[in-house]
Amino acid sequence: MISFSNVSKEYPNGTKALDRIEFFVNNGEFVFIIGPSGAGKSTLMKLIMHEEQATSGQIDVNGYNLRKIKNRQISKYRRSLGMVFQDFRLINQMTVYDNVAFALRVTGVGGRDIRRRVFYILDLVNLLQKAESFPNQISGGEQQRVALARALVNNPAIIIADEPTGNIDPELSTGVMELLCEINRCGPTVVVVSHEHDLVKKLDKRVINIEKGQIVSDSSCNATTGPAIDNNNKKRGLNEK
Amino acid sequence: MKLHSLWYLLGQGIKNVWVNQLLSIASVGVLTVCFLLIGVATLFSYNLQSFAHGVEKKNEVVVFVGDGMAPSVAVNLKKIKNVASFVFVSKETALKEQLSQLDEGGALFEELGQNNPLPDSYRVALHDVDIVNKTIKKIGTITGVEKVNSPTEVAKVITTIKNTVSYAGVFIVGFLLLVSLFIIATTIEMTIYNRRREINIMKFVGASNAFIRVPFVVEGMVLGIVSAFLAYAVLHLGYVYMFDVMAKFEIDVLPMIRENIVPFAELGTYLLAGFLCSGPIIGMFGSVFFVRKHLKV
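All values derive from a computational prediction rather than experimental measurement.

Asks: Explain the overall build of chain B residue by residue, including any values.
Replies: In terms of regular secondary structure, chain B is built from eleven helices and four strands. Put simply, of all contacts in chain B between residues at least 6 apart along the chain, 87% involve residues at least 24 apart. Only carbon and sulfur atoms are counted for the fraction: they give 67% of the accessible area of chain B, which is about 17100 Å².

Asks: Just give me the short version of the sheet that holds strand β4 (residues 56–61) of chain A, but keep the residues and values in it.
Replies: Pairing between sheet strands relies on hydrogen bonds along the backbone, with the strands arranged either parallel or antiparallel. All names here are of chain A. Read across the open sheet, the four strands follow the order β2-β1-β4-β5; overall the sheet is antiparallel. Each edge of the open sheet is held by one strand with a lone partner, namely β2 (16–25) and β5 (64–65). Helix α1 (residues 41–48) contacts β1 (2–10), β2 and β4 of the sheet and is inclined by roughly 120 degrees relative to β1.

Asks: I'd like a description of the packing of aromatic side chains, backed by residues and values.
Replies: Using the criterion set out here, one finds 13 aromatic pairs over all chains in the structure. Ring geometry for tyrosine 64 of chain A versus tyrosine 77 of chain A: centroids 5.2 Å apart, planes at 65 degrees, classification edge-to-face. One end of the pair, tyrosine 64 of chain A, is in strand β5; the other, tyrosine 77 of chain A, is in helix α2 (residues 71–79), with 13 residues separating them in the sequence. The residues tyrosine 64 of chain A and tyrosine 77 of chain A share a single accessibility class, namely buried. Ring centres 5.8 Å apart and planes at 70 degrees place the aromatic pair phenylalanine 102 of chain A and phenylalanine 211 of chain B in the edge-to-face group. On the criterion of chain membership, the pair formed by phenylalanine 102 of chain A in helix α3 (residues 96–105) and phenylalanine 211 of chain B in helix α9 (residues 209–248) is interchain, its members lying in two chains. The buried category is assigned to phenylalanine 102 of chain A, whose relative accessible area is 4%. Phenylalanine 211 of chain B sits in the buried class, given a relative accessible area of 4%. In this structure an aromatic cluster arises from ring pairing among Phe102 of chain A together with Tyr8 and Phe211 of chain B. Sitting over the face of the ring of tyrosine 11 of chain A, lysine 9 of chain A holds its NZ or CZ atom 5.1 Å from the ring centroid.

Asks: Explain the sheet that holds strand β6 (residues 81–84) of chain A to me, and be specific about the residues and the numbers.
Replies: Residue and element names in this part refer to chain A. Here we have six strands laid out as an open sheet, ordered β6-β7-β8-β3-β9-β10, and mixed in their pairing. Strands at the two margins of the open sheet, each flanked by one partner only, are β6 and β10 (214–219). Across the sheet, the axes of successive neighbouring strands diverge by a mean angle of 15 degrees, strand direction being ignored. Bridging between β6 and strand β7 (residues 158–162) involves four bridges; their strand directions are parallel.

Asks: Requested: an account of the confidence of the model for chain A, with residues and values cited.
Replies: When the pLDDT values of chain A are averaged, the result is 86; 91% of them are 70 or greater. Contacts for the low-pLDDT stretch residues 221–236 of chain A, under 50 throughout, to residues beyond four places or in other chains number 27 contacts.

Asks: Describe the nonpolar core, naming the residues involved and giving the relevant values.
Replies: Residue and element names in this part refer to chain A. Core analysis: the biggest nonpolar cluster contains 62 residues, and Phe32, Phe102, Val118 and Leu180 have the highest contact counts within it. In this structure valine 118 touches Tyr97, Val100, Ala101, Leu104 and Val153, once residues within four positions along its chain are discounted. Ala39, Ile59, Ile69 and Ile160 belong to the second-largest nonpolar core, a separate cluster that totals 33 residues.

Asks: Give a description of unusual backbone geometry that names residues and reports values.
Replies: Residue and element names in this part refer to chain A. Positive phi outside glycine occurs at asparagine 6, with the angle close to 55 degrees. For asparagine 6, the location among the structural elements is in strand β1. Residue asparagine 6 is classed as partly exposed on the basis of its relative accessible area of 37%. Its identity as a non-glycine residue notwithstanding, asparagine 126 has a phi of 55 degrees, on the positive side.

Asks: Go over the interface of chain B and chain A with me, naming the residues and quoting the values.
Replies: Facing 21 residues of chain B, the contacting portion of chain A comprises 23 residues. Interface area, chain B with chain A, both sides summed: about 1900 Å², of which 60% is carbon and sulfur. Along the contact surface separating chain B from chain A lie four residue pairs in polar contact (both at pLDDT 80 or more). Every element with two or more residues in the side of chain B that touches chain A is listed here: α1 (3–19) and α8 (196–204) of chain B. Considering each element in turn, the side of chain B that touches chain A owes the most residues, seven residues, to α8 of chain B.

Asks: Quick rundown of the environment of lysine 130 of chain A? Include the residues and the values.
Replies: Residue and element names in this part refer to chain A. Mapping lysine 130 onto the fold places it in the loop between α4 (111–124) and α5 (140–152). Using a relative accessible area of 24% as the deciding quantity, one classes lysine 130 as partly exposed. With 33 residues separating them along the chain, lysine 130 and tyrosine 97 place their C-alpha atoms 8.2 Å apart. Contacts of lysine 130, omitting those with residues within four sequence positions, involve Val96, Ile138 and Glu142.

Asks: Explain the packing of α3 of chain A against α5 of chain A to me, using residue names and the numbers behind them.
Replies: Between two packed helices, both the angle of their axes relative to each other and the distance between the axes serve to describe the pair. All names here are of chain A. In the contact formed by α3 and α5, the axes pass within 7 Å of each other and the chain directions differ by 25 degrees. As summarised for this structure, α3 and α5 are arranged roughly parallel, according to the angle between their axes. Both α3 and α5 take part in a crossing whose hand is right-handed. For the pair formed by α3 and α5, the contact residues are Val96, Asn99, Val100 and Ala103 on the first element and Val146, Ala149 and Arg150 on the second. Residue composition of the contact of α3 with α5, by class: five nonpolar, one polar and one charged.

The rules behind these values
- Residues numbered from 1 in each chain as written.
- Chains lettered and ligands numbered in written order.
- Predicted model: local features only at pLDDT ≥ 70, side-chain atom pairs only at ≥ 80, totals over all residues.
- Heavy atoms only, no water.
- Helix = DSSP H or I, 4+ residues; strand = E, 2+ residues; numbered from the N terminus.
- Contact = heavy atoms within 4.5 Å.
- Areas by Shrake-Rupley, 256 points an atom, 1.4 Å probe, with all protein chains shown as cover.
- Pairing = 2+ DSSP bridges.
- Axes fitted to C-alpha atoms, helices over the stretch in contact; angles between N-to-C directions.
- Phe/Tyr/Trp six-rings, centres within 6.5 Å; stacked < 30°, edge-to-face > 60°.
- Buried < 20%, exposed > 50% of the residue type's maximum accessible area, 1.4 Å probe, protein only.
- Lys NZ or Arg CZ within 6 Å of the ring centre and 35° of its normal.
- pLDDT = per-residue confidence, 0-100.
- Core = buried A, V, L, I, M, F, W, Y, C linked by side-chain atoms within 4.5 Å.
- Buried area = accessible area lost by both parts, 1.4 Å probe.
- Polar contact = N/O pair within 3.5 Å; in protein donor to acceptor, adjacent residues only side chain to side chain.
- Parallel < 35°, antiparallel > 145°, perpendicular 65-115°, else oblique.
- Left-handed = near helix turned anticlockwise from the far one by under 90°.
- Nonpolar A, V, L, I, M, F, W, Y, C, P; charged D, E, K, R; others polar.

Here's what the structure looks like:
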């Protein structure tokens, strides 16, 4: 669950990025946040990730009040989120396997469980054969799938994706979005920031439109419809049997 | 933190040394050079002190006594506290010594035959050369003493060298330690600055500060240990090589220097212990301090 209540964010240089934002995302929802450059989308994501703090208002995510969260709780809070970035943010010195496994290691999961879980997730995103490759040895689309695998491996309640298709070819973008829809169908809430209006329209999901730091429209759509997905993956879900 | 996590982080720290080869080499290089400078300054200081001590031990006061007065002078010499020991040199022995030093010119003196102009004397060794003048005055007042010869200038030089070496040694080592800390801190900061993206990613996947910090700390400690051993090895080889080279030259002062050289084994263990204590600590604290700056994400 994500709740923004009268949230404003003003940067030290005086730029008002968000102005009294209010919205609520239910568990299991798929939401697009769209808007032109400088509208405040990235600031909104930064607030959810607790990379920035709101100037005023209240933000609740996964039961954490982000205005009152203690420093030592931040790492635990972030483990309850799965984050996907436009620039993938993979550690280049680590293999694909290690990048995904790292998200489990920080939670203290044991070696055998890590292997089982990582191989399952890499299979889910069709990257099993690239497990020993380094990020700079695979394509942009594959890197984004690694980032998705890393976001999923902890079974997070919420997946946050900031322009996940921004750095990959248009034909691969549909694949990434399909994967996000599939993930959403398995349970997690998915919030995607995107500027690709065509792709957003095609998927027929709830869309929150932000302009000049304010919500100008919020359309709730039928979340059950979406593009065709691989039936094997759908059957298996995110938790390996 | 669970044990398997700790093992993983220790492994990561060691692995990072290899993965970030260039910066590791730079850090080890800087730290090794700093240790070398400190090591050279320490060895130099100790050897100078040992040399000064050697010269000091050879520092003798020659007390010339009148004919037949030697026994009474000996009794009075024993009473002076600063007198460590004394040896009687008869006029005959003194003449022989003189003749042996003069080679061909000695023939002239041999003609003197029974008319030996040299007096009986005592060669007196002192405890403390710093108060040599005071002691000479005291010896001069003893009845039967005709003249006291002392290398006062040499004693002064030795005292000055000793004091200078002691003060300069402490100052040089202290200064080098500060310079080393500054250079090491800069190198570590550069290393961590280059890896701030990695730290940032770790934070976003939910890594705690301790989880991020431990590999950096291990890495810093490993670099410190490697540098300590490297500096020790270079110092040892350099020290041995230098004295091998010195042995090949024949200069008047060299035998005396050789006699007073501090063997590497005597100081090496302490140097290695010092390097091994300070290296990992510098690496560890440097890492902890500079990683902290990049943890605020």
